[in-house]
Every structure is written in structure tokens, then in C-alpha cells.
Amino acid sequence: AAKGLHADLRLRLLPDLIEETPASRGIFLACFDGAKLPSAIAAFAPRGLDRLWLESDLGAETTGLFIIHEERGGLWYSERPRAESMNSTTPLALDLSALHYSVETTIRKNTDIEGRTALRLRSARNGVRVIPLDLFAKLRLSAVRVKRGEGPIVAVPYIQGGEKSADPVLVILPLPLTAGEEAEISADYQGDEVLQDAGENNFYIGARQNWYPALNGMHDWAVYDLKYRIPKKRQIVSVGKLVDSAEDGDFAVSRYTSGAPVRTAGFNYGEFKLIERADPDSGVKIRVYTNPGEPNFAKQLRALLP
């Protein structure tokens, strides 16, 4: 089952072991060989199925059945304890909340990136020592550091799976966080195949390829400061407002900020054609950055036509 998922299920139990979670609050997993049917995993996670890292943005359900199949796999059943209201809208209780991301990205070639992310977070409970971060597996970490309060910046151990792994990066703190405590985690990474080629020197982030270490996926609500360093002949279209731009040798450097908290951040890279229009009634200006030529998907569709 674990092989089919490209996941190491032992890592799901690591936080409970390191943080000495009581047995009544720990994660339970049972793997089934389906014989003629697909294999499956039955799971109980008292603090929410999201903590299993098998699928993202699952909500606050605590019991689930995951089917392992290339086409029909995924979460087939999820529910809360019977004692809770069937119509309960209680949100997922997060152990950690992201407050601010500072992401520096360098693109030297079309699909390769180098990055450094500093994440400021806050703990919601006592005892948190394991911090899971979602990062595209082909982005390989070279260093992870933590700064707590007025203390020094220190290197900390982390666990990262192979390039086909579906596991998050697990950062392990020397000492647990306390409720309400803030800390900053910084990470350096580098890799390729993060950007997808759309054709005509136009590239975009893949839907499931997280290009920076993210804490809670779409549950995050944080301010983003984004800095890009790219070849001068190319452009960046980014989340946020452009606040600074300059040149550094053969590279163009730009910085964007979201200003207010947003759910996530993304960008497109390459060569674009700008179309700008103003709404005559409201005066709002709309900018659309398009592929300057014929994108790959259009070529593929045209090839199918008689």
C-alpha cells in the first residue's frame, strides 16, 4: 500500500512518537490487501485526516477510507465521531498557523529554480516539535534553520523523501513550541521540472507542484513577500503588487507583496503579450497576460482535428 501511494506511512506516526502524544489522541492506520479489489488504508486521526498527508484540504473529519488505485483511488469515505452533530461546521483545528512567507526565487533556465523561503508561524498548542511542509519532491533541500524569539538562527534536522515521494518534508525542532509561540523556519532548495512548458517560451507552475515550502495548503492565510531573479529577456507575472524592480547583470530582479493575507501564491514565467482594458462603468483596469503565440495545448487540439 505504501509503495502504491509513493508514501512512507511510518512518517505519519512520527509526530505522535516524538511529541509523546497520548494513545487516545494518536493516529491509527490499518492497511488492507484487496486481492481482486484495490488495496486500501483505514485511518483514524483524532485531530483531523489532514494530519495523514494522504490528501490535502480534507477538513475536520477524523475517520476515513483511502483506496489505492491509479484511476479510482483516493478518499472514498470520511466522517466525524457519531457524538458530533452531523451538520457541524467546526473548522479544522490547526496546530500551526502561517503568518508570513518571504520567498526568494531564482530562475536560471526554463524549468529549474533555486529558492529560499522564510516562514513565520505560530503554534496553537503546547508540545509541537514536528513541522510538516509541502514541497515539490524534485526540489531538494540543502539546509533548514529555525529562529525562536531573540535566540540565534540554528540548523535543524529534517526528513525529505525521494524525488517520487508524496510525503511532506518533516522539520524536527530540538525543543517543543508552546501555545502562542512564534518561530521562523527558513529553507534553501533547488531543483528542476517545477515549471511546465506551455509553449512559445511560456512556463507555469504545475497544479500539484508546490514551489515553496508551504505549511497548511489552502488553509493558510498569510502575507507574502515574493522576490524573483530571472533572465532579463523574460517576464514574471506574480501574485501581489509590484513594489520594486532592478537589473543585476544579466538578470532582472523584481519584488511583489500581497499586502493583505492571501491563501497561496503563484507565478507565470516567460514571454507574454499584455492585453489591457478599462471597464467604462467602474473604471477598473483589467490586465490579461497571454501566450504570444500558439500554446502547446492549442497545437495538440489542432493535431486531433480532421
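Residues numbered from 1 in each chain as written. Predicted model: local features only at pLDDT ≥ 70, side-chain atom pairs only at ≥ 80, totals over all residues. Heavy atoms only, no water.

Student: In this structure, what is going on with the overall build of the protein? I would like to understand it.
Tutor: When helices and strands are counted, the protein shows three helices and 21 strands. If you line up the protein on its principal axes, its C-alpha atoms span 65 × 55 × 45 Å. For the protein, buried positions account for 40% of its 306 residues. Sequence separation of 24 or more characterises 62% of the internal contacts of the protein that already satisfy a separation of 6 or more. For the protein, the accessible surface area stands at approximately 17,300 Å², while carbon and sulfur atoms represent 53% of it. (Helix = DSSP H or I, 4+ residues; strand = E, 2+ residues; numbered from the N terminus. Buried < 20%, exposed > 50% of the residue type's maximum accessible area, 1.4 Å probe, protein only. Contact = heavy atoms within 4.5 Å. Areas by Shrake-Rupley, 256 points an atom, 1.4 Å probe, with all protein chains shown as cover.)

Student: What's the story with the packing of aromatic side chains in this structure? I'm lost.
Tutor: We describe a pair of aromatic rings using the distance from one ring centre to the other and the angle between the two ring planes. Taken as a whole and judged by the stated rule, the model has 10 aromatic pairs. A centroid spacing of 5.9 Å and a plane angle of 75° characterise the contact between tyrosine 228 and tyrosine 256, whose relative ring orientation is edge-to-face. A residue pair is termed long-range when its members are at least 10 positions apart, and tyrosine 228 in strand S15 (residues 223-231) and tyrosine 256 in strand S18 (residues 251-257) qualify at 28 residues. In terms of burial, tyrosine 228 and tyrosine 256 fall into one category: buried. Here phenylalanine 272 and tyrosine 289 contribute two aromatic rings whose centre-to-centre distance is 6.3 Å and whose plane-to-plane angle is 80°, an arrangement assigned as edge-to-face. Placement of the pair is phenylalanine 272 in the loop between strand S19 (267-270) and strand S20 (273-278) and tyrosine 289 in strand S21 (residues 285-290), with a sequence separation of 17 residues. The buried category is assigned to phenylalanine 272, whose relative accessible area is 12%. The structure contains a cluster of three or more aromatic residues connected by ring pairs, namely Tyr101, Trp211, Tyr212, Tyr224, Tyr228, Tyr256 and Phe267. (Phe/Tyr/Trp six-rings, centres within 6.5 Å; stacked < 30°, edge-to-face > 60°.)

Student: Would you take a moment to explain the sheet that holds strand S3 (residues 63-68) for this structure?
Tutor: Working definition: the strands of a sheet are paired by backbone hydrogen bonds and lie parallel or antiparallel to each other. Strand order in this open sheet of four strands is S1-S2-S3-S4, and the pairing throughout is antiparallel. The sheet is open, and its two edges are formed by strand S1 (28-32) and strand S4 (74-79), each paired on a single side. Strand-to-strand, the axes of this sheet are offset by a mean angle of 15°, without reference to chain direction. Where strand S2 (residues 39-44) meets S3, six bridges bridge the pair, whose relative direction is antiparallel. Bridge pairing in S3 links isoleucine 41 to phenylalanine 66. (Pairing = 2+ DSSP bridges. Axes fitted to C-alpha atoms, helices over the stretch in contact; angles between N-to-C directions.)

Student: Got a minute to help me understand the sheet that holds strand S16 (residues 235-238) in this structure?
Tutor: Taken together, four strands build an open sheet; the order of strands is S13-S14-S19-S16 and the sheet is antiparallel. Of all strands in the sheet, those with a lone pairing partner are strand S13 (195-197) and S16, marking the two edges. Within this sheet the neighbouring strands show an average axis-to-axis angle of 25°, counted without direction. Here S16 runs beside S19; their pairing, made up of four bridges, is antiparallel. Within the sheet, the bridge partner assigned to glutamine 235 lies in S19 and is glycine 270.

Student: Any chance you could explain the environment of alanine 35 here in plain terms?
Tutor: Along the chain, alanine 35 turns up in the loop between S1 and S2. Overall, the relative accessible area of 71% leaves alanine 35 in the exposed class. When the C-alpha atoms of alanine 35 and lysine 227 are compared, they prove to be 51 Å apart, with 192 residues separating the residues in sequence.

Student: Would you mind showing me how to read the pairing of strand S11 (residues 169-177) here?
Tutor: Residues in a regular strand point their side chains to alternate faces of the sheet. In this sheet, S11 lies alongside strand S7 (residues 128-133) in antiparallel orientation, the contact comprising five bridges. By the bridge assignment for S11, proline 132 is matched with leucine 170. Sheet analysis places strand S10 (residues 158-159) next to S11, joined by two bridges and oriented antiparallel. Paired with tyrosine 158 across the strands is valine 171, a residue of S11.

Note that every value here comes from positions in space, so none of it alone points to a role or purpose.
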